[in-house]
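Listed below are the residues making up each chain.
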Amino acid sequence: MLRRGSRVIEARGISKRYGDLVAVADVSFKIGKGEIVGFLGPNGAGKTTTMRILTGFMPPTDGTAIIAGHDIFSEPLAARRCVGYLPEQLPLYLEMTVTAYLTYVAKIKDVARRARAPAVDRALERCGLTEVRSRVIGNLSRGFRQRVGLAQAIVHDPPVLVLDEPTLGLDPLQVRDIRQLIADLTSPQDGNQRTVILSTHILPEVEAICQRVILINEGRKTVDAPLEELTRDGRSLEELFARETTHDVAEEVES
Ligand SMILES: Nc1ncnc2c1ncn2[C@@H]1O[C@H](COP(=O)(O)OP(=O)(O)O)[C@@H](O)[C@H]1O
Ligand SMILES: [Mg+2]
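Basis of the calculations
- Residues numbered from 1 in each chain as written.
- Chains lettered and ligands numbered in written order.
- Predicted model: local features only at pLDDT ≥ 70, side-chain atom pairs only at ≥ 80, totals over all residues.
- Heavy atoms only, no water.
- Helix = DSSP H or I, 4+ residues; strand = E, 2+ residues; numbered from the N terminus.
- Rg over C-alpha atoms; globule rule 2.2 N^0.38 Å.
- Buried < 20%, exposed > 50% of the residue type's maximum accessible area, 1.4 Å probe, protein only.
- Contact = heavy atoms within 4.5 Å.
- Areas by Shrake-Rupley, 256 points an atom, 1.4 Å probe, with all protein chains shown as cover.
- Lys, Arg positive; Asp, Glu negative; His and termini not counted.
- Charge placed at Lys NZ, Arg CZ, Asp CG, Glu CD.
- Domains from an automatic or database assignment.
- Buried area = accessible area lost by both parts, 1.4 Å probe.
- Salt bridge = Lys/Arg side-chain N within 4 Å of Asp/Glu carboxyl O.
- Polar contact = N/O pair within 3.5 Å; in protein donor to acceptor, adjacent residues only side chain to side chain.
- Nonpolar A, V, L, I, M, F, W, Y, C, P; charged D, E, K, R; others polar.
- Core = buried A, V, L, I, M, F, W, Y, C linked by side-chain atoms within 4.5 Å.
- Donors = N, O, S within 2.8 Å, 3.2 Å for Na, K, Ca; no water.
- Arc of directions from axis to C-beta.
- Pairing = 2+ DSSP bridges.

Q: Can you walk me through the overall build of the chain in this structure?
A: Along its length, the chain carries ten helices and ten strands. Its C-alpha radius of gyration of 18 Å places the chain within 12% of the 18 Å reference for a compact globule of 255 residues. The principal-axis extent of the C-alpha atoms belonging to the chain is close to 50 × 40 × 40 Å. Split into buried and exposed, the 255 residues of the chain put 50% on the buried side. Once local pairs closer than 6 in sequence are excluded, the contacts in the chain between residues at least 24 apart make up 68%. Carbon together with sulfur atoms contributes 49% to the accessible area of the chain, which is approximately 12900 Å² in total. Of note, the chain has its 33 positive side-chain charges centred 9 Å away from the centre of its 34 negative side-chain charges.

Q: Looking at this model, I keep getting lost on the domain arrangement of the chain. Mind explaining?
A: When the parts come together, some accessible area is lost, and that loss is often what is quoted as the size of the interface. Domain parsing of the chain yields domain 1 (1–82 + 159–171 + 194–255) and domain 2 (89–157). One C-alpha centre belongs to domain 1, the other to domain 2; they are set 25 Å apart. With twelve residues of domain 1 at the interface, the matching set in domain 2 holds ten residues. Considering only the side of domain 1, the residues that lose the most area to domain 2 are Arg81, Leu170 and Arg194, jointly responsible for 52% of the buried surface there. Applying the counting criterion to the domain 1 and domain 2 interface returns two salt bridges. Between Asp110 and Arg81 there is a salt bridge, and its shortest N-O distance comes to 3.3 Å. The tally of links from domain 1 across to domain 2 stands at four residue pairs in polar contact (both at pLDDT 80 or more). Of all the secondary structure elements, the ones that give two or more residues to the side of domain 1 that touches domain 2 are helix H2 (76–81) and strand E7 (160–164). A class-by-class count of the residues in the side of domain 1 that touches domain 2 yields six nonpolar, two polar and four charged.

Q: I keep staring at the nonpolar core and nothing clicks. Help me out?
A: Buried together is how nonpolar side chains tend to be arranged in soluble globular proteins. Among the nonpolar cores identified, the biggest contains 48 residues, and Val98, Cys127, Leu129, Val148, Leu150, Leu163 and Leu237 are the most heavily contacted of them. Formed by 29 residues, the second largest nonpolar core is a distinct cluster that contains Val27, Phe29, Ala79 and Val83.

Q: Which parts of the structure should I look at to understand the coordination of the magnesium ion (ligand 2)?
A: As a benchmark, a tetrahedral metal site with four donors has ideal angles of 109.5 degrees, while an octahedral site with six donors has ideal angles of 90 or 180 degrees. Protein coordination at the magnesium ion (ligand 2): the donors are Thr48 (OG1) and Glu88 (OE), at 2.0 to 2.3 Å from the metal. Of this pair, Thr48 sits in helix H1 (residues 47–54) while Glu88 sits in the loop between strand E6 (83–86) and helix H3 (98–108), and the two are 40 residues apart along the sequence.

Q: Could you clarify how one ought to interpret H3 in this entry?
A: Helical periodicity: at 3.6 residues per turn, an α-helix aligns residues three or four positions apart in one direction. Turning to H3, its buried residues are Val98, Tyr101, Leu102, Val105 and Ala106. Viewed along the axis of H3, the buried residues span an arc of 140°, placing them on a single side of the element. Residues of H3 that are exposed and point more than 90 degrees away from the buried face comprise Lys107 and Ile108. Buried residues belonging to H3 abut helix H4 (113–126) and helix H5 (142–154). In the segment just after H3, Asp110 is the residue with positive phi, at about 70°.

Q: It is not clear to me how the pairing of strand E8 (residues 195–200) should be interpreted in this structure. Could you clarify?
A: With respect to burial, E8 is a largely interior element, six of its six residues being buried. Here E8 shows a buried face lined by Thr195, Ile197 and Ser199 and a second buried face lined by Val196, Leu198 and Thr200. Of the pairings in the sheet, the one linking strand E3 (residues 36–40) to E8 comprises five bridges and is parallel in character. Bridging across to E8, Ile36 finds its partner in Val196.

In structure tokens:
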């Protein structure tokens, strides 16, 4: 069993090349049980690539990762079972009802047949979906679809959550709801404290949810520190972000 304070996510020298492009370069970090870490970086920094590797969706070119004590190479199934993953673009089954979809996900996540209905009920309730459980996913608002995304990530009650830009494309009220939901899902329940890594380039999101920041730029880790330390003496995350990342000038002029 995992002891309190033991590390639950460990990246060990992860690198990923796509042909000539080095998307992730020798990234290492350790995340302890119950920590909520904001994974920051500009577009193209390598956040999604790193998360796909941590969740076993894609092998690294070099290095490895340990999830809840399981190496992604030597124990891939055990490692994947411990992770709930909300990908950047979740392939939702638009014609399915919320309940049917979550039951299907529970099945492919190896939740035992008898445990599926209670697991789905719990995920529906925790994600505020009980009222829309019989609705077809395609008829839900974006905010509710994102709730379904979070529900599929937690349906097998994993100790680790990997959330890739969970509020991207939502309107301000939906952003507020989803942030609150993430805060709820990550608060200790029944003595069970989830460990979370959440990517974003929205700095207030980090300040609202996270205790620690890992920043990557051009595939390299450049910052890894508690939020409190980074914002001490009135310093802002924005200054840090500007200092530690490279900007595409053309993009800045555009936006
Ligand atoms: N499947 C892929 N094939 C080739 N290049 C990719 C692929 N996925 C991502 N990249 C490139 O790798 C870099 C990192 O991308 P990504 O991990 O998506 O960054 P982020 O999530 O931080 O925006 C970018 O330059 C991106 O264009
Ligand atoms: Mg990304």
